[in-house]
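Now for the letters of each chain:
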Amino acid sequence: MMSRSYTNLLDLAAGNFAALGPSGGGRRRSGSFGMKRMSRVMTVPGTLSELDDDEDEMAATSSVASDVPSSAVGERLIVVANQLPVVARRRPDGRGWVFSWDEDSLLLRLRDGVPDEMEVLFVGTLRADVPASEQDEVSQTLIDGFRCAPVFLPPELYERFYHQFCKRYLWPLFHYMLPFASPLSPTETASSGDGARFDRSAWEAYVLANKHFFEKVVEVINPEDDYVWVHDYHLMALPTFLRRRFNRLRIGFFLHSPFPSSEIYRTLPVREEVLRTLLNCDLIGFHTFDYARHFLSCCSRMLGLEYQSKRGYIGLEYFGRTIGIKIMPMGIHMGQLQSVMRLPEKEWMVAELQQKFEGKCVLLGVDDTDIFKGINLKLLAFENMLRVHPKWQGRAVLVQIANPPRGKGKELETIQAEIRECYERINREFSQTGYSPIVFIDRNVPSVERLAYYTVAECVVVTAVRDGMNLTPYEYIVCRQGIPGSESAPEVSGPKKSMLVVSEFIGCSPSLSGAIRVNPWNIEATAEALNEAISMSEQEKQLRHGKHYRYVSTHDVAYWSRSFVQDLERACKDHFRKPCWGIGLGFGFRVVALDPHFTKLNLDTIAMSYERSKSRAILLDYDGTLVPQTCINKEPSAEMVRIINTLCSDSKNIVFIVSGRSRDSLGSLFASCPKLGIAAEHGYFIRWTGDDEWQASTHASDFGWMQMAEPVMNLYTEATDGSHIETKETALVWHHQDAEPGFGSSQAKEMLDHLENVLANEPVSVKSGQFIVEVKPQGVSKGLAAEKILTLMKEKERQADFVLCVGDDRSDEDMFENIADVMKRNIVAPKTPLFACTVGQKPSKARFYLDDTFEVATMLSSLADASEPDPIMELEDGLATSVSSIDISNEPLQFGNRRAEGS
């Protein structure tokens, strides 16, 4: 029999949060279209009707009141990370604990950028094994003295969450390492530090660990006042837990590692789950544009989401919410670094090192020992430089500080063995009396000693093959600048200079424009870069150093955190203005946020208005409205044909299909609907019934522009596999739905610009839509077609007192906009109910929405059931039409250069 904890773990991995009970984020609900009611804690005035009255819901949300004392009610920033910025030590007598701040933690220093009135509270694990009997006391001590809420994970869970999933799978994958081979034995599975294949049980442990973090946040949060800032890849499942409990919680996330390209990321078996949980945040931060671009590309390829840039801010529209994308490299803490530089022991360490390396040119590397830092490549490049430029033999020294490894595994052991063999070989070949070309330090180096090495180094070399940020160059620049206004440091007196050779694959590289960037895999090019760096003129070194120092000193960790918090506030400014609903199960859960005036179409409301009205106009788009966009068979179903014929048979109704399709296509599709009106090609051609002649718009009669547009579109069609051109009588449409998504979208944007330039003096409009670029005559739109239909109804004393308009695409927005305007111009009867409805939950000019074509069919079926077929029309077997009372045979109102002809 499985233990309860294990079954919960399986529930988590399957995304079944409901199985966890109240502490796991609430229970599953059923309801119309799978919607979840808003949590009572998150209510705002005017949304009481959306609440559940369940007693268990009240019980579940009662735990969210903060147990943390606060000096004043106000906004707080809850920083959630894998580890707290606190050092825990056992007392010498073994009784109790001693805690202190971890001064090297940049998470601690981000407080400097947070507004003074905003309190900061940390949530994370302790780097200490605290017995269960002492955990409550330790928690209270840390809350009271450090504003830290510790998360205690069982050792076996932490091993599977951190070492197996985070370090053995996610970390290598995010650094572009694919696990091509599986471990050879169960022992390797438990201990290897090399990239391993996806392990479902390790993923389950990852999700369960994130749930423990969520429960700790729930203990301390004030959901209506607090901001939550989640850090790094260890906690990517946390946003969904938080969003599921608190729909309106303000959540930011910052990834401190690289985000891989879509080709790498798509190998992750839970790729969509991770993307969707990140999209439950309000702001997602990355160190570089490349990482953000890769994330956006994954969202586009896997979820079909496209980003928009507005006034310098990048945003993703996701179910009515806009998720901000923040690009800001992290900085160092200037004050903390300068305080170490002021220590007396730093000065004598510098003096000692200067004496040791007198007459030598020191190159310095400071790296963690792991498979991605490229220490072996750096040594090979230095060896190549000594061979190709023998003038540096006996003069150039590479000091390599290799911090002890935090992981383990075969590949790491192989790298370490290569590094050892390499520096021993170089030292054997190039050593002289009193000179060793490589000084290798493989131990923990105290901060003050590290800064002393920075001070004496002529150049710092970073050859990581992949790294999220890497602040080593920043620290080096500050150390070479010295302490402003200090005269006690003779080693930095005079002009300040520094040189950097950095890998182009690290996060800090884009911000160091004066550094020599290298591809560390190219040993020869890196060797030449080392020679160039130390051979450069003093003046050039000073200029590059000054440029770097200005950037590093003004873009410190406080600047980074202040900028992120400001953007998080901006991203969340509308949180309590829009109604929102939580829908979906597991990691498919998301919050749908809508404009206060944008609501779901209520079937009872529209049915009541329909029954009370005497003259109705029903305007329907076709693709994406009556049939799904993804449907291969585009013919209307037999049930849809029955519904339309029933609506048309009611003498009170004027029913139109308003589509961008050609008149031949629509005429063929609806040949069995003789009383149906059709507005084809966005209303250029209009036909009131199947027996009527097509009426053409007079806005355009010269189509010579087609001869100019078609060659351009053919050019892009030939270059874009999967695209094709649809030629209509009045328009040309380029489709790229079957093309590769990123390339098709890029080609569409370029084609749009190209066509706008070519056709600048032609009476046409060039627009993009859902997987299309369309060129059509100016003055032709669905909005104008709808206005013409309603105007003619008024002229013949059939003024509409009920208007229903349904569509799904950008072209339908014109129709929604015109429908909203007809009331002001008295085209419809006073107090006419206007039901402009879009298909899908998205920003729209319509006031109502339905989720999909199935709901559209359900709504139209309910109206058909309420219709009253005209007995005379039934006796005449369709010879009369629903517009027979409108005599248009001699009607002077024209849609083209000919009069409207009657049946």
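As the structure is a computational prediction, the values presented were derived from the model and not from experiment. (Residues numbered from 1 in each chain as written. Predicted model: local features only at pLDDT ≥ 70, side-chain atom pairs only at ≥ 80, totals over all residues. Heavy atoms only, no water.)

**Quick notes on the overall build of the chain**
Next, step 1: Along the backbone of the chain there are 29 helices and 33 strands.
Next, step 2: In the chain, which comprises 903 residues, the proportion classed as buried is 58%. (Helix = DSSP H or I, 4+ residues; strand = E, 2+ residues; numbered from the N terminus. Buried < 20%, exposed > 50% of the residue type's maximum accessible area, 1.4 Å probe, protein only.)

**Quick look at the sheet that holds strand β5 (residues 119-125)**
Next, step 1: Reading across from one edge, β6-β5-β2-β7-β8-β9-β12-β11-β10 is the order of the nine strands in this open sheet, with mixed pairing throughout. Since the sheet does not close on itself, it has two edges, and those belong to β6 (148-150) and β10 (307-310), each with one partner. Ignoring strand direction, the axes of neighbouring strands in this sheet form an average angle of 25°.
Next, step 2: Where strand β2 (residues 76-83) and β5 come together, six bridges link them in parallel fashion. Among the inter-strand pairings, V80 is bridged to a residue of β5, identified as V123. (Pairing = 2+ DSSP bridges. Axes fitted to C-alpha atoms, helices over the stretch in contact; angles between N-to-C directions.)

**Things to note about empty space enclosed by the protein**
Next, step 1: One pass over the structure, following the stated rule, counts two cavities of 30 Å³ or more.
Next, step 2: Lining of the second largest cavity is provided by eleven residues; of these, G683, G779, V780, S781 and K788 occupy positions nearest its centre.
Next, step 3: Within the lining of the second largest cavity, the residues separate by chemical class into four nonpolar, six polar and one charged. (1 Å grid on protein atoms, 1.4 Å probe; cavity = no way out; pocket = protein on both sides within 12 Å on 5 of 7 lines; lining within 4 Å. Points joined across faces, edges and corners; volume = space filled by probe spheres on them. Nonpolar A, V, L, I, M, F, W, Y, C, P; charged D, E, K, R; others polar.)

**Some remarks on the packing of helix α12 (residues 334-341) against helix α16 (residues 447-456)**
Next, step 1: Taken N-terminus to C-terminus, the directions of α12 and α16 make an angle of 90°; their axes are 9 Å apart at the nearest point. With respect to α16, the axis of α12 lies roughly perpendicular. Across from L337, V340 and M341 in α12, the residues of α16 making contact are S447, V448 and L451.
Next, step 2: Among the residues forming the contact of α12 with α16, the class breakdown is five nonpolar, one polar and no charged. (Parallel < 35°, antiparallel > 145°, perpendicular 65-115°, else oblique. Contact = heavy atoms within 4.5 Å.)

**Describing the pattern of salt bridges**
Next, step 1: In total, this model carries 43 salt bridges according to the counting rule given.
Next, step 2: Among the ionic pairs, K600 bridges to E855, the shortest N-O distance being 3.2 Å. Residue K600 is located in strand β21 (residues 599-600), and its partner E855 is located in helix α28 (residues 853-865); the two are separated by 255 residues in the primary sequence. For the pair shown, K600 and E855 are each scored as buried.
Next, step 3: Here K845 makes a salt bridge to E817, at a shortest N to O gap of 3.2 Å. Of the two residues, K845 sits in the loop between β32 (834-839) and β33 (848-850) while E817 sits in helix α27 (residues 810-822), which places them 28 residues apart along the sequence.
Next, step 4: Overall, K845 belongs to the partly exposed group, its relative accessible area being 46%.
Next, step 5: Note on E817: relative accessible area 41%, which makes it partly exposed. (Salt bridge = Lys/Arg side-chain N within 4 Å of Asp/Glu carboxyl O.)

**Regarding the confidence of the model for the chain**
Next, step 1: For the chain, per-residue confidence averages 84 on the pLDDT scale, and residues scoring 70 or more make up 85% of the total.
Next, step 2: Note on residues 184-193: pLDDT under 50 across the span, and 16 contacts to partners over four residues away in sequence or across chains.
Next, step 3: Under a pLDDT of 50 for its full length, residues 487-492 has, in the predicted model, ten contacts with residues more than four places off or in other chains. (pLDDT = per-residue confidence, 0-100.)

**What about the pairing of strand β24 (residues 677-680)?**
Consecutive side chains along a regular strand alternate between the two faces of the sheet.
Next, step 1: Residue alternation in β24 divides its side chains into two sets, G677 and A679 and I678 and A680, and both sets are buried.
Next, step 2: Across three bridges, the pairing between strand β23 (residues 653-658) and β24 is parallel. Bridging across to β24, V658 finds its partner in A679.
Next, step 3: One ladder, built from three bridges, connects β24 with strand β25 (residues 685-687); its direction is antiparallel. Bridge assignment links I678 to a residue of β25, and that residue is R687.

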